[in-house]
Amino acid sequence: MRLDELELESWGERIGIKIKTPAVIALQGRLGAGKSVLARAIGRGAGVTADMPSPSFNLLLRYSTSSGREVVHVDLYRLRSPDELWELGWSAIGQGNEILMVEWADRAGPFMPQDHWIIGLSAPYDDRSRRDIEIKRIGRPPELPSFRTSSLSK
Ligand SMILES: Nc1ncnc2c1ncn2[C@@H]1O[C@H](COP(=O)(O)OP(=O)(O)O)[C@@H](O)[C@H]1O
Ligand SMILES: [Mg+2]
């Protein structure tokens, strides 16, 4: 599936609205692939009203929402070793009422919560405004809404 930015954002918002917690989503792709764009859209859908700056320095930013769910946005690009995860409170992450989104989740090595989605984003070489989306299910994460490319996003 290939989505432009508005389509990706509207899918992300629907994920944020609909997904049951606890939910863990790994976002994979190179710099500029759209991981943060998708994470912010999911956060907005889940009810985050604050800005969601990049967590690349803090590594982890947490938001509460009026729906009672917690949105946790993690970017592990600057993680030097999976050992540093425990300083972030990793042992209890992605549980309860949390929607956890992890950019560069591969850097967590084997320490990603068991049940999660991996959403891979990549830019086709001949199309700078769209992204190819690849979805993998690991274990038994809660259902992810499917894409719907509506006329709204055209
Ligand atoms: N279809 C698309 N989906 C997501 N981002 C897109 C798309 N087309 C262009 N972009 C642009 O690509 C950039 C993605 O940035 P960002 O989400 O910060 O990447 P990452 O977090 O993966 O490093 C943004 O500048 C965005 O405007
Ligand atoms: Mg990012």
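Each value, and the rule that gives it
Residues numbered from 1 in each chain as written. Chains lettered and ligands numbered in written order. Predicted model: local features only at pLDDT ≥ 70, side-chain atom pairs only at ≥ 80, totals over all residues. Heavy atoms only, no water. Near = heavy atom within 4 Å. Polar contact = N/O pair within 3.5 Å; in protein donor to acceptor, adjacent residues only side chain to side chain. Areas by Shrake-Rupley, 256 points an atom, 1.4 Å probe, with all protein chains shown as cover. Helix = DSSP H or I, 4+ residues; strand = E, 2+ residues; numbered from the N terminus. Nonpolar A, V, L, I, M, F, W, Y, C, P; charged D, E, K, R; others polar. Pairing = 2+ DSSP bridges. Axes fitted to C-alpha atoms, helices over the stretch in contact; angles between N-to-C directions. Contact = heavy atoms within 4.5 Å. Donors = N, O, S within 2.8 Å, 3.2 Å for Na, K, Ca; no water. Buried < 20%, exposed > 50% of the residue type's maximum accessible area, 1.4 Å probe, protein only.

### Observations concerning the site of ligand 1
Okay, step 1: Close to ligand 1 lie 17 residues, the nearest being E5, G32, K35, S36 and V37.
Okay, step 2: Take V37: an N or O atom from its main chain is 2.9 Å from an oxygen atom of ligand 1.
Okay, step 3: Burial of ligand 1 by the protein chains amounts to 74% of its free accessible area of 570 Å².
Okay, step 4: Mapped by element, the contributors of at least two residues to the shell around ligand 1 are β1 (2-4), α1 (5-18), α2 (35-46) and β7 (130-138).
Okay, step 5: If one sorts the elements of the shell around ligand 1 by residue count, α2 sits on top with three residues.
Okay, step 6: Residue classes in the shell around ligand 1 are distributed as five nonpolar, four polar and eight charged.

### Focus on the sheet that holds β7
Okay, step 1: The seven strands lie next to each other as β1-β7-β6-β2-β5-β4-β3, forming an open sheet whose pairing is mixed. The strands lining the two open edges of the sheet, one partner per strand, are β1 and β3 (60-64). Averaged over all neighbouring strand pairs, the angle between strand axes comes to 25 degrees, with direction disregarded.
Okay, step 2: Across six bridges, the pairing between strand β4 (residues 70-75) and strand β5 (residues 98-103) is parallel. Within β5, the residue paired with H73 across the bridge is M101.
Okay, step 3: Contacting β1, β2 (23-28), β5, β6 (116-122) and β7, α1 runs over the sheet at an angle of about 100 degrees to β1.
Okay, step 4: Packing of α2 onto the sheet brings it into contact with β2, β4, β5 and β6, and relative to β5 it is tilted by some 170 degrees.

### A look at the coordination of the magnesium ion (ligand 2)
Okay, step 1: All of the protein donors around the magnesium ion (ligand 2) are S36 (OG) and E103 (OE); their distances to the metal are 2.2 Å. Taken as a pair, S36 in helix α2 and E103 in strand β5 lie far apart in primary sequence, 67 residues in all. For the pair formed by S36 and E103, the shared burial category is buried.

### Notes on the side chain of T65
Okay, step 1: Relative to the helices and strands, T65 resides in the loop between β3 and β4.
Okay, step 2: Judged by its relative accessible area of 11%, T65 is buried.
Okay, step 3: Of the polar contacts made by the side chain of T65, one reaches the backbone oxygen of R69; its length is 3.0 Å.
Okay, step 4: Those residues in contact with T65 that lie beyond four places of it in its chain are A46, G47, V48 and V71.

That's the geometry; what it means functionally is another story.
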